[in-house]
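So you can see what is in the structure, the chains are spelled out below.
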Amino acid sequence: MPTYPHHLSRPALTAASKTSDADSPRPPSATCAENSRQPRLRVDSWEIAHGRTVLGTCYPRQRRIRLSYLNVFLPPELRDYIIRHELAHLTEPGHTAAFHTLCDRYCSGRESQLTHSLRNYHWPVDR
Ligand SMILES: [Zn+2]
C-alpha cells in the first residue's frame with residue numbers, strides 16, 4: 001500500500017465545522033509518545049524543509065513531520081496551528097470531516113479561524 005504524504009499548504013486548507021471541546025492537546029513536542037493520554041501523537045522524526053509553498057507535511061506511517069523553514073516567519077499561534085494540523089494527520093491522513101473534527105479539537109475549536117488567518121497572513125518574505 002503506498003504512503004501518501006499529507007501536505008499543508010495554503011490551497012490545501014479548507015474550512016472546518018466548529019466544535020467545542022475543551023480536550024485540546026498538549027503543546028506539540030517529541031515527548032508526546034510518553035503521554036499515555038494521547039499515545040497516537042507520537043512523532044518519531046521531525047524535519048525542517050526548504051519548501052516555499054508547502055508549510056508542513058505529515059508521513060503518518062513513518063510518524064514523521066516535515067516543516068518548512070518559512071514557518072519561522074509566522075506568528076506563534078499560526079506556527080502552532082501548522083504543527084497541530086500535521087499532528088492531526090497522524091491519526092487522520094486525509095482532509096476528511098473526521099480530520100477536521102480532530103484538528104479543530106487540537107486547535108481548541110479555532111481551526112476555521114486559524115485557517116482564515118493563515119490564508120490572509122501577509123508574509124514578510126516572498127513565497
Ligand atoms: Zn493537511
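Residues numbered from 1 in each chain as written. Predicted model: local features only at pLDDT ≥ 70, side-chain atom pairs only at ≥ 80, totals over all residues.

- In the annotation of an unreviewed UniProt entry, the entry for the protein reads M48 family peptidase, and the organism field reads Duncaniella dubosii.

### Considering helix H1 (residues 76-91)
Consideration 1: Taking 1.5 Å per residue as the helical rise, H1 with its 16 residues ought to reach 22 Å, and the 23 Å between its terminal C-alpha atoms agrees with that figure.
Consideration 2: Turning to H1, its buried residues are Tyr81, Ile82, Ile83, Arg84, His85, Glu86, Leu87, Ala88, His89 and Leu90. (Helix = DSSP H or I, 4+ residues; strand = E, 2+ residues; numbered from the N terminus. Expected span 1.5 Å × (residues − 1). Buried ≥ 20, exposed ≤ 12 C-beta atoms within 10 Å, placed from the backbone.)

### A few points about the pairing of strand S3 (residues 54-59)
Consideration 1: For S3, a buried count of 5 out of 6 residues is recorded, marking the element as mostly surrounded by other parts of the structure.
Consideration 2: Note: S3 against strand S4 (residues 64-68), 4 bridges, orientation antiparallel. The residue of S4 that forms the bridge with Thr57 is Arg66. (Pairing = 2+ DSSP bridges.)

### Quick word on the packing of H1 against helix H3 (residues 111-119)
Consideration 1: The geometry of H1 relative to H3 is characterised by a closest axis approach of 10 Å and an angle of 115 degrees between their N-to-C directions. With respect to their mutual orientation, H1 and H3 come out roughly perpendicular. The element H1 and its partner H3 pack so that their crossing is left-handed. Residue-level contacts link Glu77, Leu78 and Tyr81 of H1 to Leu114, Ser117 and Leu118 of H3. (Axes fitted to C-alpha atoms, helices over the stretch in contact; angles between N-to-C directions. Parallel < 35°, antiparallel > 145°, perpendicular 65-115°, else oblique. Left-handed = near helix turned anticlockwise from the far one by under 90°. Contact = placed C-beta atoms within 7 Å.)

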